[in-house]
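The lines below spell out each chain.
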Amino acid sequence: MTNKTIPVLLFLLLILIMVTPARATNPWNLEADRILSREDENIIEAFGNIHLTRLNDYLQADYAKLYTDTNWLYLKGNVRSYWDGDYLQGDEAELDLDNKVGWVKNGQVFMAEEHMYFTGEHLEKTGQHTYTFIQGTVTSCDDEVPPWSIMSSQGKITVDGYARLWHPRFRVKDRSVLYSPYMIVPVKTRRQSGFLIPDIGHGSEYGTNINLPYYQVIDDQRDATLYTNYYSKRGVMLGLEYRHTPGLLNKGLWRADWLSDRDRHDKAESMPSRLSRREKGQDLFRPNRDRYWLRGKYDGHDPQSGWSWKIDLDYVSDHTYLKEFKSGQSGFDNSRDQFLEQFGRDIQDHDRLIRANIISAARNWSNIGLDARMVYSDNLIYKNQNLPSGENPTIQRLPEVNLDLYRTRLGASPFEIQASNQAVYFWREYGTRAARINLHPRISLPLRNALGTVTPRIGWRQAIYMVDEFENEASAVNTKDRFQTRGLYDFNLNSYTELFRIFNLNPLPGPDPDQAGKSSWTRIKHTLKPEINYDFVQNKDQAEYPRFDSLDRINPRDELTYSISNIFTRRKDSLVQAGPDQEPSISSSYLDFFRLKFEQSYDFREARRRQEFKSISRKHPFSDLLTETQVSPSRQVSFRNRTWYSLYENTITEHEHSLILTWPQIMSAWVSLDFLRENVVHKRPNRRPEIFDEKVNILELGSSFDFIRNWQFTFVYRRDLDTGKDLERGVGILYRHQCYSLEFNFKESDYDRKYEIRFNLLNLGSFGG
């Protein structure tokens, strides 16, 4: 007798299961081979192929006994269930259907959202996503014999998402390799306080490194991480990372590290061992032991007022800190990646000796933009007694206000106006201090017709200086005006057009199902973009004015730049069949597969000059001819080239080449070559002729191979071909499994040599370094 043949019995059972409507809104549905009801004992028994379902939950077993007065259910034999969001299985189980608690014997719990398995001799469900277990294991691996697991005499999964384990043993396959009296494992994806996986590394300059981070949740909008970072050669570095997100448009990230360094580089002999004698002799000393780095960024925005503000902090103790501590969780590279990912703003390279700290507030209207900021530039050369701090000429912009007028039509006239305006107060320890106002309005008249566009533009550059203190105040008295003005005009004429022609190739055949999947190039578009640009800036002697930045010395210009760009775009049509009974349709894609640009300028001032540059006697009015090429026959291949050729030297003065090959999920490889010739004249647009006394000839190779399943091989190599010196060498091997990955990296630079071995365990984090 089955429930399928006696629907009346099934109906009776459903009524008995739901004795009172208050216990559940939705009833359980039962299917079984045989059902027995003992009404005098308030018990219903089911035998064979038992399936209990309610909405998304289900229970199945070989035998079931339901106590209808309490809604307790006993299951035995091949127990399987999806209940309250988790998968359970075991030999026996007893469950409270109302309160969703119970126990499982010789069972397993799979938490699908976190992809974690818990097994034990006795598993007890104490609430939603909360369990206790005896003699159990924890793992994220799907394998029957997991590659890694944690065996524990007893454990508890808390409502906050932690698995607390007593006497855990970390196992590789079926062998125990590590033991701890107590351990906490994060299970839920929700933020939880606790110790994170340590970071371990080794460097030739700082020795063995162990970084133990502790993560603390403060509230829904704030958290912090404390770092205890031990270096065997240097001491203990303490660090703090603080994050806060008070709103969707407001967020901040702040980091600080401090180290009392055992080592000092206060003379050439104590400089890092991998630096050459020449580098040691030219480098700055570091006598300080207290070393630190403060950095952070903040983004804020008020939708009601329209104001937004930003903070960029980058304050470091000495000039070698960022170079020495570049890797690891507390290193420069990790901080740079965090800032780029969360704020889209970079920090200056680790070898920059002037670090900028900025506070800014901005607002935009329909045609006006306002940006007010304060910029403090920290010059590391004048720290640690390398140079007297009282002679520090580094300029601080305290404050700076930029008010820009975007290009706007002047009433009903055809003219357009735009302006860049700036007011700054320049302060420094040593040197001239002054306030400066720069006004640069420009009026243009765009003339457009079917042949192209011509835009003449005329502007006026007005600078106003109000000097507080001259560099040599005693000699400046009665000889220099504290109020100075400078004005000069500029003119620009830009003309461009665009011509194109489309060439038809062989079209695809009609919508024939036998031709489905075929594709071919059907059209090529050739676009020609000639452009002429003339720039003129008035020649005016500006030596008498203070000098703070590039706006104080406006170089005169009288230069014509002309270029022509060729762009070839292909159209590729493919026959796509959506279904077996549907006719194929044409799908088109476009790709700029070839670009070629020529650009050169003619400097009328250079042609008129006499003997301004004694080291360059020959005039070079024509700039080096620039050729830009980009070839992309497919989305997997890209070749780019920029070459400058001197008509006077009859040689290539500079070139940049790069070739990138990409096959998704298979491999990527690149090669680049940068070359700069020495002892020849380099002429670039808007620049005077230059001669470089050092040659640049750098080759870079890199690759990443993924064609072997679960394996990735990486390689990077940079070499100075002129000096024969390797600038960087690195290799990496990564093995990816479903529940773990193993990574090995080696990197050697001009500063040190580093090795890294890292294990990444799913849900547990990474270990190694």
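What counts as what
- Counting from 1, residues in each chain are numbered in the order their sequence is written.
- Where totals are concerned, whole chains, interfaces and linings use all residues; where local detail is concerned, this predicted model gives features only for residues with pLDDT of at least 70, and gives and counts side-chain atom pairs only at 80 or more.
- Remark: hydrogens and water are excluded; side-chain values derive from all non-hydrogen atoms of the structure.
- The way it works is that DSSP assigns letters per residue, a run of H or I at least four long becomes a helix, a run of E at least two long becomes a strand, and they are numbered from the N terminus.
- Type-normalised accessible area, obtained with a 1.4 Å probe on protein chains alone, sets the label of each residue: buried when under 20%, exposed when over 50%, and partly exposed for intermediate values.
- When checking whether two residues touch, look at their non-hydrogen atoms; a contact exists if any pair is within 4.5 Å.
- Surface accessibility follows the Shrake-Rupley procedure with a 1.4 Å probe radius. Residue values consider only the protein chains on display as shielding.
- By the convention used here, strands pair only if DSSP detects at least 2 bridges between them.
- Here the nonpolar core consists of buried residues drawn from Ala, Val, Leu, Ile, Met, Phe, Trp, Tyr and Cys, with membership extended through side-chain atoms lying within 4.5 Å.
- By definition here, a salt bridge exists when the distance from a side-chain nitrogen of Lys or Arg to a carboxyl oxygen of Asp or Glu is within 4 Å.
- What a helix should span is 1.5 Å times the count of its residues minus one.
- Our arc is simply the arc of the directions from the helix axis toward the C-beta atoms.
- When two rings of Phe, Tyr or Trp (its six-membered ring) have centres within 6.5 Å they constitute a pair, described as stacked for plane angles under 30 degrees, edge-to-face for angles over 60, and tilted for the intermediate range.
- Charges are assigned to positions over rings by a cutoff of 6 Å between ring centre and Lys NZ or Arg CZ, combined with an angular limit of 35 degrees from the ring normal.
- The quantity known as pLDDT measures the predictor's confidence residue by residue, on a range of 0 to 100.
- Side-chain atoms alone can form a polar contact between residues adjacent in sequence; in general such a contact is a pair of N or O atoms within 3.5 Å, and within protein one must be able to donate a hydrogen while the other accepts it.

Asks: So what exactly am I meant to see when it comes to the overall build of the chain here?
Replies: When its secondary structure is counted, the chain shows six helices and 46 strands. Out of the 769 residues in the chain, the part that is buried amounts to 40%. In the chain, the share of contacts with a sequence separation of at least 24, taken over all contacts with a separation of at least 6, comes to 48%. Surface summary for the chain: the accessible area is close to 41500 Å², and the carbon and sulfur share equals 54%.

Asks: What is the right way to read the pairing of strand 10 (residues 148-157) from this model?
Replies: Each regular strand carries side chains that alternate between the two faces of the sheet. Among the ten residues of strand 10, seven are classified as buried, and the element is accordingly described as predominantly covered. Of the strand pairs in this sheet, strand 9 (residues 130-139) and strand 10 are connected by seven bridges, and their pairing is antiparallel. The residue of strand 10 that forms the bridge with Tyr-131 is Ile-157. Strand direction decides the pairing type here: strand 10 and strand 11 (residues 162-166), joined by four bridges, are antiparallel. Residue pairing in the sheet places Ile-157 in a bridge with Ala-163 of strand 11.

Asks: It is not clear to me how the nonpolar core should be interpreted in this structure. Could you clarify?
Replies: What tends to happen in soluble globular proteins is that the nonpolar side chains get buried as a cluster. One finds Leu-59, Leu-73, Leu-75 and Phe-118 to be the most contacted residues of the largest nonpolar core, which totals 39 residues. Apart from the residues lying within four places of it in its own chain, the contact partners of Leu-73 are Leu-52, Leu-59, Ala-64, Lys-65, Leu-66, Ala-93, Glu-94, Leu-95 and Leu-97. Formed by 15 residues, the second largest nonpolar core is a distinct cluster that contains Tyr-231, Met-237, Leu-322 and Phe-343.

Asks: Help me out: how do you make sense of the pairing of strand 27 (residues 433-444) in this one?
Replies: Where strand 26 (residues 416-427) and strand 27 come together, eleven bridges link them in antiparallel fashion. Bridge pairing in strand 27 places Ala-419 opposite Pro-441. Counting the residues between successive antiparallel strands, the hairpin from strand 26 to strand 27 contains five residues, one of them, Gly-431, with a positive phi of roughly 130 degrees. In terms of strand pairing, strand 27 meets strand 29 (residues 452-469) through ten bridges, oriented antiparallel. Counted as the bridge partner of Asn-438 is Ala-463 from strand 29.

Asks: Would you explain the pattern of salt bridges in this entry?
Replies: Note on pairing: side chains with opposite charge can pair once their charged atoms come close. Evaluated as defined, the whole model comprises 51 salt bridges. For Asp-371, the salt bridge goes to Arg-373, with nearest N and O atoms at 2.9 Å. Exposure remark for Asp-371: the relative accessible area of 17% places this residue in the buried category. On the basis of relative accessibility, which here comes to 24%, the residue Arg-373 falls in the partly exposed class. Across the salt bridge formed by Asp-552 and Arg-436, the nearest N and O atoms sit 2.9 Å from each other.

Asks: Sorry if this is basic, but what is going on with the side chain of Thr-527 here?
Replies: Summarising the element assignment, Thr-527 is placed in strand 32 (residues 519-537). Residues contacting Thr-527, with those up to four places away along its chain left out, are Glu-498, Leu-499, Phe-500, Ser-565, Asn-566 and Ile-567.

Asks: Explain helix 4 (residues 332-343) to me, please; I cannot follow it from the model alone.
Replies: For an α-helix, the turn length of 3.6 residues means that residues three or four places apart are oriented alike. The terminal C-alpha atoms of helix 4, which comprises twelve residues, lie 16 Å apart, in line with the 16 Å expected from a rise of 1.5 Å per residue. Those residues of helix 4 that sit buried are Phe-332, Ser-335, Arg-336, Gln-338, Phe-339 and Phe-343. Down the axis of helix 4, the smallest arc covering the buried residues is 160 degrees, so these residues share one side. Buried residues along helix 4 sit in contact with strand 19 (235-247), strand 20 (250-260), strand 21 (290-301), helix 3 (321-324) and strand 23 (354-364). Positive backbone phi, at 70 degrees, marks Gly-344, one or two positions downstream of helix 4.

Asks: Looking at this model, I keep getting lost on the environment of Gln-135. Mind explaining?
Replies: As for its position among the elements, Gln-135 is in strand 9. Expressed as a C-alpha distance, the spacing of Gln-135 and Asn-106, which sit 29 residues apart in the sequence, is 9.7 Å. Setting aside chain neighbours within four positions, we find Gln-135 in contact with Thr-119, Gly-120, Glu-121, Ser-152, Ser-153 and Gln-154.

Asks: So what exactly am I meant to see when it comes to the packing of aromatic side chains here?
Replies: Two aromatic rings are characterised by how far apart their centres lie and by the angle between their planes. For the structure on display, the rule yields 29 aromatic pairs. On the numbers, 6.0 Å between centres and 50 degrees between planes, the contact of Tyr-735 with Tyr-740 is tilted. One aromatic cluster in this structure is built from Tyr-58, Tyr-82, Tyr-87, Phe-110 and Tyr-117. The aromatic ring of Tyr-315 is capped on one face by Lys-383, whose charged end is 4.0 Å from the ring centroid. Taking the ring centre of Phe-500 as reference, the NZ or CZ of Lys-525 above it sits at 4.7 Å.

Asks: Even after reading the chapter, I still don't get the environment of Ser-638, so can you show me in this structure?
Replies: Of note, Ser-638 is situated in strand 36 (residues 637-646). Residue Ser-638 is classed as buried on the basis of its relative accessible area of 16%. For the pair Ser-638 and Ser-658, spaced 20 residues apart in sequence, the C-alpha to C-alpha distance is 8.2 Å. Setting aside chain neighbours within four positions, we find Ser-638 in contact with Gln-630, Val-631, Ser-632, Ser-658, Leu-659 and Ile-660.

Asks: How should the confidence of the model for the chain be read in this particular structure?
Replies: Detailed reading of the predicted coordinates is not advisable wherever pLDDT is low. Overall, the predicted model of the chain reaches an average pLDDT of 86, with 89% of residues at or above 70. A low-confidence stretch, residues 1-24 (pLDDT under 50), is modelled with 35 contacts involving residues beyond four sequence positions or located in other chains.

Asks: I tried to follow the side chain of Gln-422 on my own but got confused; where do I start?
Replies: Structurally, Gln-422 is set in strand 26. By relative accessible area, which is 12% here, Gln-422 ends up buried. Only 2.8 Å separates the side chain of Gln-422 from the side chain of Arg-436, close enough to count as a polar contact. Ignoring anything within four residues of it in the chain, the contact list for Gln-422 reads Arg-397, Glu-400, Val-401, Asn-402, Arg-436, Ile-437, Asn-438 and Leu-551.

Asks: Help me understand the environment of Arg-264, please; the structure alone is not making it clear to me.
Replies: Structurally, Arg-264 is set in the loop between strand 20 and helix 2 (277-282). As a C-alpha pair, Arg-264 and Arg-234 span 30 residues in sequence and 9.6 Å in three-dimensional space.

Asks: What am I meant to see in unusual backbone geometry here?
Replies: Generally, phi is negative for residues other than glycine and the peptide bonds are trans, each holding for most cases. Residue Leu-398 is joined to Pro-399 through a cis peptide bond whose omega torsion reads -5 degrees. Position of Pro-399 relative to the elements: it lies in strand 25 (residues 396-409). One non-glycine residue with positive phi stands out, namely Asn-78, at about 50 degrees. Mapped onto the elements, Asn-78 comes out in strand 5 (residues 72-83). Even without being glycine, Asn-650 reaches a positive phi, approximately 55 degrees.

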